[in-house]
Amino acid sequence: MHELSIANEILKIVQEHASAANVKASDVTAVGIRLGAWSCVQEQSLQNSFRWLVDQTPFESARLEIQRIDEVQEMEVQEMIVEWIEIQDQKQEN
Amino acid sequence: MEPRILQVRTKILKANDTLARQMRQEFLSRGIFVSNWVSSPGSGKTLWLENTLRQLIDRGLQVAAIVGDLETDRDAQRLERSGACVRQIMTHGLCHLEADMIRKEWEAWDIGPIDYLFIENVGNLVCPTSWDLGESLRVGLLSVTEGEDKPLKYPGLFNTCDVALLTKMDLAQACEFDQVLAIENLQAVRPGIEVFETSGKTLEGMDLWIDWLENRRKISLLSNP
Ligand SMILES: Nc1nc2c(ncn2[C@@H]2O[C@H](COP(=O)(O)OP(=O)(O)O)[C@@H](O)[C@H]2O)c(=O)[nH]1
Ligand SMILES: [Mg+2]
């Protein structure tokens, strides 16, 4: 259930970074997330929460790509990171 | 046109972490030692905390507590019996407390100088894991009736704890509780964790616990003058 709070924080970070880079919300097509092995996040619940938040907003074409990292060396077990945002720039209309 | 990638590399709970860090600094600079108590519902947080508050008050210390529950202020009423100042946060369905909820409660609280602030989190072995509340100590409770394997089943939460309390030890025999195994399992997910065997009914383990807590408070305050 805390996945909704996490999805909300992800969306805030995406908004912040998209706006700083002058990216239109509707051009964001994916958001890459990395989760540590023990980050206590149920992936489907996070997907559902994120979908529910972005539906019928300018970010609705953004999908969440979740990568879970089991290697402790690579990432802290508790860590949760927004890694990247994928942007599909729209063709300029003449 | 090919899609492009914007690198972000930002911690998802960055906002909470930043606020919690500031709060921890502020609490310590005011000489307040904050602990965050996590466990499943019913493992004995409120009873052990009520007893802890009493013991600290008897030693002349100023103590306060914030308790989070989905509904009701029953735990706040129980904790108040100790004589401590207590605030209840009702989360109305939210399964954990967040730093900003503690900040709001704290800022609205007209309370004199205190030595300890205890936070009893919402009973849950999953959701509270990732939210730093500005505490200097995270206390995880595991009651003998839950079984020795819970640290292995909920490694995330127990991994974040600084100390573990095995509670309801008065019932250990009836539950055929194997404390050696429970401690092994705690050590497996949180190597080096300190473990206390306690009972809120007989007060087994109370003196050792209070001495240890006082020691931790002093170390924390000395290392953050
Ligand atoms: N026998 C026994 N019962 C306990 C002990 N600690 C708590 N309880 C009982 O367990 C139930 C849940 O305790 P409570 O403090 O409300 O747990 P919380 O939900 O974690 O806050 C209550 O009925 C307590 O009286 C203990 O050490 N021994
Ligand atoms: Mg309680």
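Before any of the text, the structure's been laid out above.
Residues numbered from 1 in each chain as written. Chains lettered and ligands numbered in written order. Predicted model: local features only at pLDDT ≥ 70, side-chain atom pairs only at ≥ 80, totals over all residues. Heavy atoms only, no water.

*Asks:* Even after reading the chapter, I still don't get the pairing of strand E8 (residues 194-197) of chain B, so can you show me in this structure?
*Replies:* Walk down a regular strand and you will see the side chains alternate between the two sheet faces. Here 4 bridges tie strand E7 (residues 163-167) of chain B to E8(B), and the two strands are oriented parallel to one another. Residue pairing for E8(B): B:Ala164 is matched across the bridge by B:Val195. (Pairing = 2+ DSSP bridges. Helix = DSSP H or I, 4+ residues; strand = E, 2+ residues; numbered from the N terminus.)

*Asks:* Would you mind going over the sheet that holds strand E2 (residues 63-69) of chain A with me for this structure?
*Replies:* Strand pairing in a sheet takes place through backbone hydrogen bonds and is either antiparallel or parallel in direction. Strands sit in the order E2(A)-E1(A)-E3(A)-E1(B) across an open sheet of 4 strands; the sheet is mixed. The two strands at the open ends of the sheet, each matched to only one other strand, are E2 of chain A together with strand E1 (4-11) of chain B. Each strand of the sheet is rotated relative to its neighbour by a mean of 20°, with strand direction disregarded. Where strand E1 (residues 28-36) of chain A lies against E2(A), 7 bridges are found, and the strand directions are parallel. Following the sheet pairing, A:Ala30 is matched in E2(A) by A:Arg63. (Axes fitted to C-alpha atoms, helices over the stretch in contact; angles between N-to-C directions.)

*Asks:* Would you explain the packing of helix H1 (residues 14-29) of chain B against helix H4 (residues 99-107) of chain B in this entry?
*Replies:* Between two packed helices, what matters for the description is the angle formed by their axes and the separation of those axes. All names here are of chain B. One way to put it is that H1 packs onto H4 with a least axis distance of 9 Å and a crossing angle of 40°. Taken together, H1 and H4 sit at an angle that is classed as oblique. Across the interface between the two elements, Asn16, Leu19, Ala20, Met23, Glu26 and Phe27 of H1 pack against Ala99, Asp100, Ile102, Arg103 and Trp106 of H4. Looking at the contact of H1 with H4 residue by residue, the classes come out as 7 nonpolar, 1 polar and 3 charged. (Parallel < 35°, antiparallel > 145°, perpendicular 65-115°, else oblique. Contact = heavy atoms within 4.5 Å. Nonpolar A, V, L, I, M, F, W, Y, C, P; charged D, E, K, R; others polar.)

*Asks:* Help me understand the coordination of the magnesium ion (ligand 2), please; the structure alone is not making it clear to me.
*Replies:* Around a metal, the idealised angle for a tetrahedral arrangement of four donor atoms is 109.5 degrees; for an octahedral arrangement of six donor atoms it is 90 or 180 degrees. Residues and elements named next belong to chain B. Distances from the magnesium ion (ligand 2) to its protein donors, Thr46 (OG1), Asp75 (OD) and Glu120 (OE), fall at 2.0 to 2.1 Å. Within one chain, the residues donating to the magnesium ion (ligand 2) are spaced in sequence as T-x28-D-x44-E. Of this pair, aspartate 75 sits in helix H3 (residues 74-80) while glutamate 120 sits in strand E5 (residues 116-120); the two residues are 45 residues apart in sequence, bridging distant segments of the chain. (Donors = N, O, S within 2.8 Å, 3.2 Å for Na, K, Ca; no water.)

*Asks:* Just to check I follow, could you spell out helix H2 (residues 45-58) of chain B for this structure?
*Replies:* An α-helical turn contains 3.6 residues, so a residue and the one three or four places further along point in the same direction. All names here are of chain B. Between its first and last C-alpha, H2 extends 20 Å over 14 residues, near the 20 Å set by a 1.5 Å rise per residue. Every buried residue of H2 is listed here: Lys45, Thr46, Trp48, Leu49, Glu50, Asn51, Thr52, Leu53 and Leu56. One or two steps after H2, the chain reaches glycine 60, where phi turns positive at roughly 85°. (Expected span 1.5 Å × (residues − 1). Buried < 20%, exposed > 50% of the residue type's maximum accessible area, 1.4 Å probe, protein only.)

*Asks:* In this structure, what is going on with the site of ligand 1? I would like to understand it.
*Replies:* All names here are of chain B. Surveying the vicinity of ligand 1 reveals 16 residues, the closest of which are Gly42, Thr46, Arg78, Asp170 and Gly200. At 2.7 Å from an oxygen atom of ligand 1 is found a main-chain nitrogen or oxygen belonging to glycine 42. Here an oxygen atom of ligand 1 and a backbone polar atom of glycine 200 are 2.7 Å apart. Surface burial for ligand 1 is 77%, taken as the share of its 570 Å² of free accessible area covered by protein chains. Counting residues per element, the shell around ligand 1 draws most heavily on H2, which supplies 3 residues. Grouping the amino acids of the shell around ligand 1 by side-chain chemistry returns 3 nonpolar, 7 polar and 6 charged. (Near = heavy atom within 4 Å. Polar contact = N/O pair within 3.5 Å; in protein donor to acceptor, adjacent residues only side chain to side chain. Areas by Shrake-Rupley, 256 points an atom, 1.4 Å probe, with all protein chains shown as cover.)

*Asks:* When you look at the pairing of strand E2 (residues 33-38) of chain B in this model, what are you seeing that I'm missing?
*Replies:* All names here are of chain B. Most of E2 is tucked away, with 6 of its 6 residues classed as buried. As paired strands, E2 and E5 are joined by 5 bridges and run parallel to one another. Note on E5: the bridge partner recorded for phenylalanine 33 is tyrosine 116. Where E2 and strand E6 (residues 137-143) come together, 4 bridges link them in parallel fashion. When the bridges of E6 are listed, serine 35 appears paired with leucine 137.

*Asks:* What am I meant to see in the pattern of salt bridges here?
*Replies:* A side chain of one charge can pair with a side chain of the opposite charge when the charged atoms of the two come close. Residue and element names in this part refer to chain B. Tallied over the full model, the rule gives 26 salt bridges over all chains. Residues arginine 24 and aspartate 132 are paired through a salt bridge, measuring 2.8 Å at the closest nitrogen-oxygen approach. A residue pair is termed long-range when its members are at least 10 positions apart, and arginine 24 in helix H1 and aspartate 132 in the loop between E5 and E6 qualify at 108 residues. In this structure, aspartate 149 engages lysine 150 in a salt bridge whose closest nitrogen and oxygen atoms are separated by 2.8 Å. For aspartate 149, a relative accessible area of 28% puts it in the partly exposed group. If you follow the salt bridges from partner to partner, you end up with Asp100, Arg103, Lys104 and Glu107 in one network. (Salt bridge = Lys/Arg side-chain N within 4 Å of Asp/Glu carboxyl O.)

*Asks:* Looking at this structure, I do not really get helix H8 (residues 206-223) of chain B. What am I missing?
*Replies:* Relative to the 26 Å expected for 18 residues at 1.5 Å per residue, H8(B) spans 26 Å between its end C-alpha atoms, a close match to the ideal helical length. Of the positions making up H8(B), those classed as buried are B:Met206, B:Trp209, B:Ile210, B:Trp212, B:Leu213, B:Glu214, B:Arg217 and B:Ser220.

*Asks:* Hey, could you run me through the sheet that holds strand E4 (residues 85-90) of chain B in this one?
*Replies:* Residues and elements named next belong to chain B. Within the open sheet, the 7 strands sit side by side as E4-E3-E5-E2-E6-E7-E8. Their pairing is parallel. Pairing within the sheet leaves two strands with one partner each, and these edge strands are E4 and E8. Adjacent strand axes in the sheet meet at a mean angle of 20°, parallel and antiparallel pairs treated alike. The strands touched by H4 are strand E3 (63-69), E4 and E5; relative to E4, the strand with the most contacts, the crossing angle is about 135°. Where helix H7 (residues 179-189) meets the sheet, it contacts E7 and E8, and its direction lies at approximately 155° from that of E7.

Purely spatial values, then, with no claim about function.
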